[in-house]
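If you want the building blocks of each chain, they are given just below.
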Amino acid sequence: MTTKATLAILKILENLYPNPKTALKHNGPFQLLVATILSAQCTDERVNQITETLFPAFPTAHHLAAASFEEVAAHIRSAGLWRNKAQNLIKTAQILVEKHGGQVPNTREELEALPGVGRKTANVVLANAFGIPAIAVDTHVFRVANRLGLSSAATPQETERQLMEAIPKEKWIDAHHWLIRHGRALCKARSPLCDQCPLQEHCRYFQEKQTSSG
DNA sequence: ATCCCGAGGG
DNA sequence: CCCTCTGGAT
């Protein structure tokens, strides 16, 4: 795909999804980290519902580091994977206190060393908490980027690399949100709403669908 | 049944 | 690459 074609797609997405931002409600890096760890295999709406009581109960890493498993679990049982998440949240908070003065680190290496924090979560925190350009590839970004032809990849890791190559760095953070928004709104996994999509003429998936099914 | 703005382990 | 962890929404 040419740079010109890529920029055309980004421009349309920008108009479709103005003022992109995380759907996870948070105030500061610590809350964003907690919310993002909770968001695995779980809707943002439920995460926001959980953190509404979780954040006041454990306002800082120090509070969370001193919490018991049951104390934390009581808040997050409506999220899937809650056993892992409760354990990871406490352990992560303890590492923040022991190694980072109770603060959230701002490098990929330090973030990914935290339990429950992988590539995607680290990128979300880097981008949304620290403004450091990153593209977090979740299931939506992976699917939408491959359909549009912005990437042609077998793994999320590879999609991330191809997107960083194709998209100007100053647009990485916004592009991440645009692709996610589009994945939820129109470019859905099961029944994509191509008839409502303004990207038809730019989309590899749509073009192939037209030529193959008549 | 299938998916959700995944991570960790084999 | 594969698998498991998990509740809730559709």
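Residues numbered from 1 in each chain as written. Chains lettered and ligands numbered in written order. Predicted model: local features only at pLDDT ≥ 70, side-chain atom pairs only at ≥ 80, totals over all residues. Heavy atoms only, no water.

**Q** When you look at helix α9 (residues 139-148) in this model, what are you seeing that I'm missing?
**A** Given 3.6 residues to a turn, an α-helix orients residues that are three or four positions apart in the same direction. With respect to burial, α9 is a largely interior element, seven of its 10 residues being buried. The complete set of buried residues in α9 reads Val141, Arg143, Val144, Ala145, Asn146, Arg147 and Leu148. Here α9 starts with a cap whose side-chain oxygen sits 2.8 Å from the backbone nitrogen of histidine 140, and that cap is aspartate 138. (Buried < 20%, exposed > 50% of the residue type's maximum accessible area, 1.4 Å probe, protein only. Helix = DSSP H or I, 4+ residues; strand = E, 2+ residues; numbered from the N terminus. Polar contact = N/O pair within 3.5 Å; in protein donor to acceptor, adjacent residues only side chain to side chain.)

**Q** Explain the environment of phenylalanine 58 to me, please; I cannot follow it from the model alone.
**A** Tracing the backbone shows phenylalanine 58 in the loop between α3 (44-57) and α4 (61-65). Sequence spacing of phenylalanine 58 and glutamine 31 is 27 residues, and the spatial spacing of their C-alpha atoms is 9.6 Å. In this structure, phenylalanine 58 is in contact with Phe30, His63, Leu64, Ala67, Glu71, Val72 and His75, ignoring residues within four places of it in sequence. (Contact = heavy atoms within 4.5 Å.)

**Q** Which parts of the structure should I look at to understand the protein's contact with DNA strand C?
**A** All residues in the neighbourhood of DNA strand C are listed as Gln41, Arg46, Arg77, Ser78, Ala79, Gly80, Leu81, Trp82, Arg83 and Asn84. Counting only atoms of DNA strand C within 4 Å of the protein, the sugar-phosphate share comes to 66%. Arginine 46 is positioned with one of its side-chain polar atoms (N or O) 2.9 Å from a sugar or linking oxygen of DNA strand C. Here a phosphate oxygen of DNA strand C sits 3.4 Å away from a polar atom, N or O, in the side chain of arginine 83. Ranked by residues supplied to the surface near DNA strand C, first place goes to helix α6 (residues 82-100) with three residues. (Near = heavy atom within 4 Å.)

**Q** Quick question: what am I supposed to make of helix α11 (residues 172-185) here?
**A** Between its first and last C-alpha, α11 extends 20 Å over 14 residues, near the 20 Å set by a 1.5 Å rise per residue. Those residues of α11 lying buried are Trp172, Ala175, His176, His177, Trp178, Leu179, Ile180, His182 and Gly183. (Expected span 1.5 Å × (residues − 1).)

**Q** What is the right way to read the layout of surface pockets from this model?
**A** Unfilled space is identified by rolling a water-sized probe across the atoms. Its volume calculated, the largest pocket comes out at about 730 Å³. Lining the largest pocket are 29 residues, and of these Ser39, Cys42, Asp44, Lys120 and Asp138 sit closest to its centre. Broken down by secondary-structure element, the contributors of at least two residues to the lining of the largest pocket are α2 (29-38), α3, α6, α8 (119-130), α9 and α11. Its residues placed into classes, the lining of the largest pocket shows eight nonpolar, 13 polar and eight charged. The two domains that each donate at least three residues to the lining of the largest pocket are domain 1 (3-20 + 135-213) and domain 2 (29-130). (1 Å grid on protein atoms, 1.4 Å probe; cavity = no way out; pocket = protein on both sides within 12 Å on 5 of 7 lines; lining within 4 Å. Points joined across faces, edges and corners; volume = space filled by probe spheres on them. Nonpolar A, V, L, I, M, F, W, Y, C, P; charged D, E, K, R; others polar. Domains from an automatic or database assignment.)

**Q** Can you walk me through the domain arrangement of chain A in this structure?
**A** Interfaces are often sized by the amount of accessible area the parts lose when they come together. Here chain A is partitioned into domain 1 (3-20 + 135-213) and domain 2 (29-130). Here the C-alpha centre of domain 2 lies 28 Å away from the C-alpha centre of domain 1. Listed by partner, the interface residues are 10 residues for domain 1 and eight residues for domain 2. Between domain 1 and domain 2, roughly 650 Å² of surface is buried when both sides are summed, and carbon and sulfur atoms account for 49% of that area. Inspection of the region where domain 1 meets domain 2 yields one salt bridge. With a shortest N-O distance of 2.7 Å, glutamate 160 and arginine 119 are connected by a salt bridge. Across the contact surface, domain 1 and domain 2 share five residue pairs in polar contact (both at pLDDT 80 or more). If you list the elements that add at least two residues to the side of domain 1 that touches domain 2, you get α10 (156-166) and α11. The leading source of residues in the side of domain 1 that touches domain 2 is α11, at four residues. (Buried area = accessible area lost by both parts, 1.4 Å probe. Salt bridge = Lys/Arg side-chain N within 4 Å of Asp/Glu carboxyl O.)

**Q** What exactly am I supposed to notice about the nonpolar core here?
**A** The tendency in soluble globular proteins is for nonpolar side chains to be buried side by side. Ranked by internal contacts, the top residues of the largest apolar core, which has 35 residues, are Leu33, Val34, Leu38, Leu64, Val72, Ile76 and Leu111. Counting residues per element, the ones that place at least two in this core are α2, α3, α4, α5 (69-76), α6 and α8. With seven residues, the single largest contributor to this core is α6. Residue contacts for valine 72: discarding those within four places in its chain leaves Phe58, Leu64, Ala67, Ala86, Leu89 and Ile90. Counting 25 residues, the second-largest nonpolar core is a separate cluster that includes Leu10, Val137, Leu179 and Phe206. (Core = buried A, V, L, I, M, F, W, Y, C linked by side-chain atoms within 4.5 Å.)

**Q** Quick question: what am I supposed to make of the protein's contact with DNA strand B here?
**A** The environment of DNA strand B is formed by 22 residues, the closest being Gly116, Thr121, His140, Arg184 and Arg190. Here, DNA strand B places atoms within 4 Å of the protein, and 62% of those atoms are sugar or phosphate. Take lysine 120: an N or O atom from its main chain is 3.4 Å from a phosphate oxygen of DNA strand B. One nitrogen or oxygen atom from the side chain of arginine 181 is found 2.9 Å from a base nitrogen belonging to DNA strand B.

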